[in-house]
Amino acid sequence: MNERATFLLTLIHREWIEVRRLAPWTSPTGQRGCQPRELVPRDQLAVMLHDPAAWAYPEDGDWIGYVTLAETKAGKAITRLLPGETSE
């Protein structure tokens, strides 16, 4: 298992991040882009995280369908602690 996949699987197991697929999105001002939507099932994560193609930049610049890391509510609680605070 490569180091990056091992590290990410640890964060996923702690429920601090999720892996989601990007889907088309249009902002309220009409600007087009993408945002995280579909959750990648846990039983597919190890294989997907080890696939170099999952981390490659698309040649055409279209990220729709690619994966991204999304912070969970628990992850946000950890990353937004003030100095000296603990999560428990």
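For the structure itself, look to the data block above.
1. A look at the environment of Ala-70
Piece 1. Summarising the element assignment, Ala-70 is placed in strand β3 (residues 67–71).
Piece 2. Judged by relative accessible area, which is 12%, Ala-70 ranks as buried.
Piece 3. Each C-alpha atom of the pair Ala-70 and Val-19 lies 6.1 Å from the other, and the pair is 51 residues apart in sequence.
Piece 4. The contacts of Ala-70, once residues within four sequence positions are left out, are Trp-16, Ile-17, Glu-18 and Arg-20.

2. Thoughts on the side chain of Ser-27
Piece 1. Mapped onto the elements of the fold, Ser-27 is located in the loop between β1 (17–26) and β2 (32–39).
Piece 2. Assessed through its relative accessible area of 12%, Ser-27 is described here as buried.
Piece 3. Polar side-chain contacts of Ser-27 include one of 2.8 Å to the side chain of Thr-29.

3. Some details on the packing of helix α1 (residues 3–13) against helix α2 (residues 42–50)
Piece 1. Contact geometry of α1 with α2 gives a least axis separation of 9 Å together with a crossing angle of 155°. One way to sum up the angle between α1 and α2 is to call them roughly antiparallel. You can see that α1 and α2 cross each other, and the crossing is right-handed. On α2, the residues touching Ala-5, Leu-8, Leu-9, Ile-12 and His-13 of α1 are Arg-42, Leu-45, Ala-46, Leu-49 and His-50.
Piece 2. Of the residues that constitute the contact of α1 with α2, the class distribution is seven nonpolar, two polar and one charged.

Definitions and cut-offs
- Residues numbered from 1 in each chain as written.
- Predicted model: local features only at pLDDT ≥ 70, side-chain atom pairs only at ≥ 80, totals over all residues.
- Heavy atoms only, no water.
- Helix = DSSP H or I, 4+ residues; strand = E, 2+ residues; numbered from the N terminus.
- Buried < 20%, exposed > 50% of the residue type's maximum accessible area, 1.4 Å probe, protein only.
- Contact = heavy atoms within 4.5 Å.
- Polar contact = N/O pair within 3.5 Å; in protein donor to acceptor, adjacent residues only side chain to side chain.
- Axes fitted to C-alpha atoms, helices over the stretch in contact; angles between N-to-C directions.
- Parallel < 35°, antiparallel > 145°, perpendicular 65-115°, else oblique.
- Left-handed = near helix turned anticlockwise from the far one by under 90°.
- Nonpolar A, V, L, I, M, F, W, Y, C, P; charged D, E, K, R; others polar.

Purely geometric numbers; function is a separate question.
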